[in-house]
Amino acid sequence: MTFRKCGVALACWLFAVNVMAAPVEISGVRLEESIDVGSARLQLNGAGIRYKAIFKVLVAGLYLGKKAATPEEVFAAPGPKRMSLTFLRDVDSQEFSKQFMKGFADNTGADEVAKLAPALTRMSQLITEQKKFQTGDTLTIDWIPGSGTVIAFKGQPQGQPFRESELMNGLLAMWVGKNPADARLKDALLGKPS
C-alpha cells in the first residue's frame, strides 16, 4: 500500500470514529455518546425530553454498558449505569422531590418502597437542599457496583453513596417502568425512534 493510500485510509478511519463518537444535541443540551462511570465505559442508550403538559422540563439521557431495548434489559444490565438529567427551566427542588418520590412509588411495589424508605427519605433531603434547579443545572444518578448509587448535582457528588442494591432499578423504573413519568421519554431512553 502506498503512503498516499495509507493516508486516505487513516483519514477515513478517523472520520468514522469522530462520527460515531459525536455528541447528541437535544434542545440545546449536548449528551456525549460515551462516558466513563467508575471503571467502565458506558454508551448512550437513548435520550429525550421530559414534558409536563406542554412545557419542556428537562433532557434525560440513559447510559449503559451495552444497548438495551426493553425495561427488563435495562434493569438486568450488569455494571455501572447512569441517568443524566439537565434542566430546561427553573424547577423548585421541593416540588421536584415530590414528583420524584411519586414516580418511584408508582413503579415500585409497596413492600419495596417500605424497605427503601430510609434511603428515599435521605435522597429527598438531598434534592430539597438544592432549593431550586435552574436552567442548565445537571443531576446525575450513577449506579457503581461495590459503591452504590451516587447522586451528583452540577457534577458534585452529594452525601455518601446509597448502598441499597434495589434502589437504582427503582429510580430507573420512574423513567422506563410500567408507569413512566413521560411515555414519549421512556421510548426515547429505550432508543425507539420517535
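Every chain's residues receive numbers from 1 upward, in the order its sequence appears when written. Restriction of local features to residues with pLDDT of at least 70 applies here, the model being predicted, together with a cutoff of 80 or more for giving and counting side-chain atom pairs; totals for whole chains, interfaces and linings are based on all residues. Side-chain calculation: all heavy atoms of the structure are included, whereas hydrogens and water are not.

Colleague: Could you give an account of the overall build of the chain, naming the residues involved and the relevant values?
Modeller: Strands are runs of DSSP state E lasting at least two residues, helices are runs of H or I lasting at least four, and both sets are numbered from the N terminus onward. The helix and strand inventory of the chain stands at seven helices and 11 strands. Burial statistics for the chain: of 194 residues in total, 41% are counted as buried. Sequence-distant contacts, at least 24 apart, represent 58% of the contacts inside the chain between residues at least 6 apart. Per-residue and other accessible areas were derived by the Shrake-Rupley procedure at a 1.4 Å probe size, with only the shown protein chains allowed to occlude residues. Here the chain displays about 10700 Å² of accessible surface, and carbon together with sulfur accounts for 56% of that area. Throughout, exposure labels follow a simple rule: accessible area from a 1.4 Å probe, protein chains only, divided by the maximum for the residue type, with under 20% read as buried, over 50% as exposed, and the rest as partly exposed. For this analysis, residues touch if any pair of their heavy atoms sits within 4.5 Å.

Colleague: Describe the nonpolar core, listing the residues and the values that go with them.
Modeller: Put simply, buried Ala, Val, Leu, Ile, Met, Phe, Trp, Tyr and Cys residues joined by side-chain atoms within 4.5 Å make one nonpolar core. Membership of the largest hydrophobic core comes to 38 residues, with the highest contact counts inside it found for M83, F96 and L167. Mapped by element, the contributors of at least two residues to this core are β5 (55-64), β6 (81-87), α3 (93-106), α5 (117-128), β9 (138-144), β10 (148-153), α6 (167-176) and α7 (183-189).

Colleague: Describe α6, listing the residues and the values that go with them.
Modeller: Counting buried positions over the 10 residues of α6 gives nine, a clear majority of the element. Buried residues of α6: L167, M168, G170, L171, L172, A173, M174, W175 and V176, and no others.

Colleague: I'd love a proper account of the confidence of the model for the chain, names of residues and values included.
Modeller: Counting all residues, the mean pLDDT for the chain is 89, and 89% of those residues have values of 70 or more. As a per-residue quantity, pLDDT reports the predictor's confidence and falls between 0 and 100. For the stretch residues 6-20, pLDDT sits under 50, and the model shows two contacts to residues farther than four places along the chain or on other chains.

Colleague: Residues and numbers for the side chain of D137, please.
Modeller: With respect to the helices and strands, D137 occurs in the loop between β8 (132-133) and β9. Under the rule applied, a polar contact is a pair of N or O atoms within 3.5 Å (in protein, one hydrogen donor and one hydrogen acceptor; residues adjacent in sequence only if both atoms are side-chain atoms). A polar contact is formed between the side chain of D137 and the backbone nitrogen of Q134, at a distance of 2.8 Å. Excluding its chain neighbours within four sequence positions, the residues that come into contact with D137 are L85, T86, F87, K132 and K154.

Colleague: Summarise the pattern of salt bridges; cite the residues concerned and give the values.
Modeller: Throughout this description, the term salt bridge denotes a Lys or Arg side-chain nitrogen within 4 Å of a carboxyl oxygen of Asp or Glu. Counted by the stated rule, this structure contains six salt bridges. Residue E32 is joined to R30 by a salt bridge in which the shortest nitrogen-to-oxygen separation is 3.8 Å. As a salt-bridge pair, D142 and R82 come within 2.5 Å of each other at their nearest N and O atoms. Placement of the pair is D142 in strand β9 and R82 in strand β6, with a sequence separation of 60 residues. Grouping residues by exposure puts D142 and R82 together as buried.

Colleague: Describe in detail the environment of V150, supporting the description with residues and values.
Modeller: Mapped onto the elements, V150 comes out in strand β10. Sequence separation of V150 and R82 is 68 residues, and the distance between their C-alpha atoms is 9.4 Å. Filtering out sequence-adjacent residues up to four positions away, V150 remains in contact with T140, I141, D142, I144, P157 and P161.

Colleague: Outline the layout of surface pockets, listing residues and values.
Modeller: With a probe scaled to a water molecule rolled over the atoms, the places where space remains empty come into view. Here a cavity means grid points, on a 1 Å grid over the protein atoms only, where a 1.4 Å probe fits yet cannot get out; a pocket means an open set of points with protein on both sides within 12 Å along at least five of seven lines; lining residues are those with an atom within 4 Å of a point. Grid points are joined across faces, edges and corners, and a volume is the space filled by probe spheres set on the points. Roughly 430 Å³ of internal volume is contained in the largest pocket. Forming the boundary of the largest pocket are 21 residues, of which R50, K52, V57, F96 and Q99 lie nearest the centre. Put simply, the parts of the chain that give the lining of the largest pocket at least two residues each are β4 (40-52), β5, α3 and α6. Residue contributions to the lining of the largest pocket peak at seven residues, all from α3.

Colleague: Go over the pairing of β9 with me, naming the residues and quoting the values.
Modeller: In terms of burial, β9 is a largely internal element, six of the seven residues being buried. DSSP calls a pair of strands paired once it identifies at least 2 bridges connecting them. Looking at chain direction, β6 and β9 are connected through six bridges and run antiparallel. In the strand pairing of β9, L85 is matched with L139. Relative to β10, β9 runs antiparallel, the two sharing six bridges. Its bridge partner lying in β10, W143 is registered against T149.

Colleague: Talk me through the sheet that holds β5; I want residue IDs and the actual numbers.
Modeller: Across the sheet, seven strands lie side by side as β3-β4-β5-β6-β9-β10-β11; this open sheet has antiparallel pairing. Edge strands, defined here as strands with exactly one partner in the open sheet, are β3 (34-37) and β11 (156-157).

Colleague: Please set out the pairing of β5 residue by residue, giving values where relevant.
Modeller: The element β5 is extensively covered by neighbouring structure, given that eight of its 10 residues are classed as buried. For β4 and β5, the ladder comprises nine bridges, and the chain directions are antiparallel. From the neighbouring strand, L44 faces β5, where its bridge partner is Y63. Counting the residues in the hairpin turn of β4 and β5 gives two residues, including A53, whose phi is positive at 60°. Inspection of the sheet shows β5 paired to β6 by six bridges, in the antiparallel sense. Its bridge partner being in β6, V59 is matched across the sheet by T86.

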